[in-house]
Amino acid sequence: VIVTIDGPAGAGKSSAARALADRLGFHFLDTGAMYRAVALAALQRQLPWDQPDLLVDLVPQLQIELLPDQVLVDGQDVTAAIRTLQVTSATHYAADNPGVRAHLVQLQRQMAEGHDVVAEGRDQGTVVFPHARCKIFLTASPEERARRRVLELEKLGETANLADILAKQTLRDLRDAQREVGPLVPAEDAILFQTDGISHEEVVERLEQLVRSRQ
Ligand code: DC
């Protein structure tokens, strides 16, 4: 069984999808982490961003592993490193690159093969798993999402400015929505879920009910 959760940054997707996967006993596929991992690897190798083919060539050389609580690249733990502002700002180079997307989409399908999965990202219901049993599009207002992101960054020990985060988020939303390959749009058969003012626990509870009603 595949459940997809798509939506913009900061809608609470990651934490909701992870908790939902736990409750259902499904694997959790954090596809944003994969785009972040590619961006980090490119930064570490100082690849020039103006040569997108180099990025495409890099992806099949990387061994990306999503463990329950860790992201590994070539055996190295990059769980925290892929969440920094620097990597977050650079990730669009990976996400906007059709060649990179093609590789990662294939890898995501491979990772899901033979498992029950909650897959979280932007294009999971539209591109990667068009036949998913249950598709959810999770969203929240821009202000709410930016506030959540600030809290997340502060937890990582980074100082974050709300106005700055909001501006960057608006830019990312635009890029995500306008991308030619795998843009952020709800699948036609997705259930829209607005999370403003709803607690994390309540979101997870409602998602679980939704999925169980479809099993
Ligand atoms: O969900 P996130 O913030 O970890 O995602 C990081 C970036 O990767 C974000 O800019 C959107 C992009 N992304 C994507 O294009 N497709 C996905 N399936 C997941 C993430």
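In this report, we go over the structure that sits alongside the text.

**Regarding the site of the ligand**
Then comes step 1: With respect to spatial proximity, 16 residues lie near the ligand, and among them T31, R36, R101, R122 and D123 are the closest.
Then comes step 2: T31 places a side-chain nitrogen or oxygen 3.0 Å from a nitrogen atom of the ligand.
Then comes step 3: D123 places a polar side-chain atom, nitrogen or oxygen, 2.8 Å from a nitrogen atom of the ligand.
Then comes step 4: Within the complex, the protein chains bury 95% of what would otherwise be the 450 Å² of accessible surface of the ligand.
Then comes step 5: Of all elements in the fold, only α2 (31-44), α4 (85-95) and α8 (162-178) reach the threshold of two or more residues within the shell around the ligand.
Then comes step 6: Sort the elements by how many residues they give to the shell around the ligand and α2 lands first, with 4 residues.
Then comes step 7: Among the residues making up the shell around the ligand, the classes are represented as 2 nonpolar, 5 polar and 9 charged.

**Here we look at α4**
Then comes step 1: Every buried residue belonging to α4 is among V87, T88, A90, T91, H92, A94 and A95, and all of these are buried.
Then comes step 2: Next to the buried residues of α4 lie α2, α3 (52-58), α5 (98-112), α7 (142-155) and α8.

**So, the layout of surface pockets**
Then comes step 1: Within this model, the second largest pocket holds a volume of roughly 170 Å³.
Then comes step 2: Along the walls of the second largest pocket sit L85, T88, S89, H92, R149, I165, K168, Q169, L171, R172 and R175, which together make up its complete lining.
Then comes step 3: Elements supplying a minimum of two residues to the lining of the second largest pocket: α4 and α8.

**Points about the nonpolar core**
Then comes step 1: Counting 24 residues, the largest nonpolar core has V38, L55, L62, I64, I82, V100 and L104 as the members making the most contacts within it.
Then comes step 2: With 9 residues, the single largest contributor to this core is α2.
Then comes step 3: Judged by nonpolar contacts, the second largest core, of 18 residues, contains C134, L138, L207 and V211.

**Re the pattern of salt bridges**
Then comes step 1: Enumeration over the complete set of coordinates arrives at 18 salt bridges.
Then comes step 2: The salt bridge involving D30 is made with R83; its shortest N-O contact spans 3.0 Å. Taken together, the residues span a long stretch of sequence, with D30 in strand β2 (residues 27-30) and R83 in the loop between β5 (76-77) and α4 at a distance of 53 residues.
Then comes step 3: Taken together, the shared-partner salt bridges in this structure form one network comprising R23, E205, E208 and R212.

**Considering the sheet that holds strand β4 (residues 70-73)**
Then comes step 1: Pairing in this open sheet of 3 strands is antiparallel, and the strands run β3-β4-β5 from one edge to the other. Either end of the sheet is taken by a strand with one partner, and the two such strands are β3 (64-67) and β5.
Then comes step 2: Of the strands in this sheet, β3, β4 and β5 touch α2, which is tilted by about 135 degrees from β3.

**Focus: the packing of α2 against α5**
Then comes step 1: It is the contact of α2 with α5, at a shortest axis distance of 11 Å, that shows an interaxial angle of 135 degrees. One element, α2, and the other, α5, form an angle in the oblique class. Along this stretch, α2 crosses α5, giving a crossing that reads as right-handed. For the pair α2 and α5, the contacting residues are T31, M34, Y35 and V38 in the first and V100, R101, L104, L107, Q108 and M111 in the second.

Rules behind the numbers
- Residues numbered from 1 in each chain as written.
- Predicted model: local features only at pLDDT ≥ 70, side-chain atom pairs only at ≥ 80, totals over all residues.
- Heavy atoms only, no water.
- Near = heavy atom within 4 Å.
- Polar contact = N/O pair within 3.5 Å; in protein donor to acceptor, adjacent residues only side chain to side chain.
- Areas by Shrake-Rupley, 256 points an atom, 1.4 Å probe, with all protein chains shown as cover.
- Helix = DSSP H or I, 4+ residues; strand = E, 2+ residues; numbered from the N terminus.
- Nonpolar A, V, L, I, M, F, W, Y, C, P; charged D, E, K, R; others polar.
- Buried < 20%, exposed > 50% of the residue type's maximum accessible area, 1.4 Å probe, protein only.
- Contact = heavy atoms within 4.5 Å.
- 1 Å grid on protein atoms, 1.4 Å probe; cavity = no way out; pocket = protein on both sides within 12 Å on 5 of 7 lines; lining within 4 Å.
- Points joined across faces, edges and corners; volume = space filled by probe spheres on them.
- Core = buried A, V, L, I, M, F, W, Y, C linked by side-chain atoms within 4.5 Å.
- Salt bridge = Lys/Arg side-chain N within 4 Å of Asp/Glu carboxyl O.
- Pairing = 2+ DSSP bridges.
- Axes fitted to C-alpha atoms, helices over the stretch in contact; angles between N-to-C directions.
- Parallel < 35°, antiparallel > 145°, perpendicular 65-115°, else oblique.
- Left-handed = near helix turned anticlockwise from the far one by under 90°.

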